[in-house]
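# Structural overview
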Amino acid sequence: MEQVELRFDPASREARTHTNLSALLRDEAGLWVAGDETATVEHLVWTGERYAGQRTFFLDDYVRLPAGREDEADIEGLALADGHLWAVGSHSLKRRRVKSTDPAKAARRLATVVREENRFILARLPLDPVTNAPLPGSVLSGRDGVAARLADDPHLAPFLALPGKDNGFDVEGVAVDGERVYLGLRGPVLRGWALVLEIRPVEAGGGRLRLDGPVRKHFLDLGGLGVRDIAPYDGDLLLLTGPSMSLDGPVRVVRWRARHTGDLVPADELETLAELPHGVACDRPEGLTVLRDGRLMVVYDSPSPARITPAGGVLADVFTV
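The paragraphs below set out a description of the structure included in this document. None of these values were measured; they are calculated from a predicted model.

About the thresholds
- Residues numbered from 1 in each chain as written.
- Predicted model: local features only at pLDDT ≥ 70, side-chain atom pairs only at ≥ 80, totals over all residues.
- Heavy atoms only, no water.
- Patch = residues over 30% accessible without salt bridge, like charges linked within 9 Å, V, L, I, M, F, W, Y side chains within 5 Å.
- Areas by Shrake-Rupley, 256 points an atom, 1.4 Å probe, with all protein chains shown as cover.
- Salt bridge = Lys/Arg side-chain N within 4 Å of Asp/Glu carboxyl O.
- Lys, Arg positive; Asp, Glu negative; His and termini not counted.
- Charge placed at Lys NZ, Arg CZ, Asp CG, Glu CD.
- Helix = DSSP H or I, 4+ residues; strand = E, 2+ residues; numbered from the N terminus.
- Buried < 20%, exposed > 50% of the residue type's maximum accessible area, 1.4 Å probe, protein only.
- Pairing = 2+ DSSP bridges.
- Axes fitted to C-alpha atoms, helices over the stretch in contact; angles between N-to-C directions.
- Phe/Tyr/Trp six-rings, centres within 6.5 Å; stacked < 30°, edge-to-face > 60°.
- Lys NZ or Arg CZ within 6 Å of the ring centre and 35° of its normal.
- Contact = heavy atoms within 4.5 Å.

A few words now on a positive patch on the surface. Among the surface-exposed residues, Arg96, Arg97, Lys99 and Lys165 lie close enough to one another that they form a single positively charged patch. Relative to the helices and strands, Lys99 is located in the loop between strand S8 (94-95) and helix H2 (103-110). You can call Lys99 exposed: its relative accessible area is 69%.

Pairing between sheet strands relies on hydrogen bonds along the backbone, with the strands arranged either parallel or antiparallel. On the basis of which strands lie adjacent, the open sheet formed by four strands has the order S18-S19-S20-S22 and antiparallel pairing. Across the chains shown, the open sheet's two edge strands, defined by having one partner strand only, are strand S18 (226-233) and strand S22 (270-276). Direction aside, the axes of adjacent strands within the sheet are offset by 25° on average. Strand direction decides the pairing type here: strand S19 (residues 236-242) and strand S20 (residues 251-256), joined by five bridges, are antiparallel. Residue Leu239 lies in a different strand from S20, and its bridge partner there is Val254.

Time to look at the sheet that holds strand S13 (residues 180-187). A sheet is described by the order of its strands in space; here five strands give the open sequence S12-S13-S14-S17-S21, paired in mixed fashion. Lying at the two open borders of the sheet, with one neighbouring strand each, are strand S12 (170-177) and strand S21 (264-265). Direction of pairing for strand S17 (residues 216-221) relative to S21: parallel, over a ladder of two bridges. Pairing of Phe219 across the sheet is with Leu264, part of S21.

With that out of the way, let us pick up the packing of aromatic side chains. Scanning the model with the defined rule gives four aromatic pairs in all. Taking 4.8 Å as the distance between ring centres and 50° as the angle between the ring planes, the aromatic pair formed by Trp46 and Tyr51 counts as tilted. Accessibility expressed as a relative area gives 43% for Trp46, which makes it partly exposed. Judged by relative accessible area, Tyr51 falls into the buried class, the value being 10%. Of the aromatic side chains, those joined through ring pairs into one cluster are Trp32, Phe57 and Tyr62. A cation over an aromatic ring shows up here: Arg69 above the ring of Phe58, its NZ or CZ 3.8 Å from the ring centre. Over the aromatic face of Phe120 sits the side chain of Arg115, whose NZ or CZ is 3.9 Å from the ring centroid.

Moving on to the environment of Val98. Its location among the elements puts Val98 in the loop between S8 and H2. With 12 residues separating them along the chain, Val98 and Leu110 place their C-alpha atoms 6.7 Å apart. Each residue touching Val98, except ones within four places of it in the same chain, is listed here: Ala106 and Leu110.

What follows deals with the pattern of salt bridges. All told, the structure shown has 34 salt bridges when counted by the stated rule. Arg124 is paired through a salt bridge with Glu203; the nearest N and O atoms lie 3.1 Å apart. On the criterion of sequence distance, the pair formed by Arg124 in strand S10 (residues 121-126) and Glu203 in strand S15 (residues 201-205) is long-range, its members being 79 residues apart. For Arg124, a relative accessible area of 22% puts it in the partly exposed group. Since its relative accessible area comes to 43%, Glu203 is described here as partly exposed. Asp177 is paired through a salt bridge with Arg180; the nearest N and O atoms lie 2.9 Å apart. A relative accessible area of 23% places Asp177 in the partly exposed class.

Nothing here speaks to function; it is geometry throughout.
Below you can see the structure in the form of structure tokens.
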């Protein structure tokens, strides 16, 4: 294993983006990354020693976000296909964190569940071929979105009212293969089986996307783990897998030959490529991408102090499989 620094600008460090990384994607110039506390995506370029030269792009400059520019979008997955950048929000509810030792206050916060509309988006942004910057694109959200389509689904509808960290509905990864878009679900995990959704978004005009056809569900026996990210890999898909709830490890990279399996994928049709390290209440793997030489890069949410560099960057891990 090797490590490489991702160095962010002062504004992103102040916003704690570098300690809340949730999505990672390689392109020809460097890396696209996103944190789960903003409504932005960031691009870093390779300098020969590290990834730096950050550019920040506010999603609301390119698509209409339901709750506007400032509310977080909880971007959990990024994909690149046919000159377009895709970004998906978690589509999850969240339960308030306990911030007080007062039992009554703590109980009230634990009883509070919040819906933030910017989380319920799938954005598709064309990229300028010269500057590699996003251009105005299209978004899938609201009553046209994925969660709305699943309101009567026999497997997933009961979990739409549960927060993501409670094994509720939680999207954490996107991959694109032609017209097909795969969404990895961190939760729910159903009796040990994780889910990947397959959808076909199409242009609806006016900066909107709509779903064409039904949502296809793939059930994968990941041994009780959920999907934390997805990355294309030599015609197949790599799944970064980990606990669906707020737990530490195990974390694995699993190869799924999606084109050669049906909707029910047993464990013997999935190949574990790597067991990844994780910390205790820190260093939780969240983003996965395949580098040009075939190695894998992983970034972490809640990085340990050892991952924070003196210049305000954060260390990602690079693995050979």
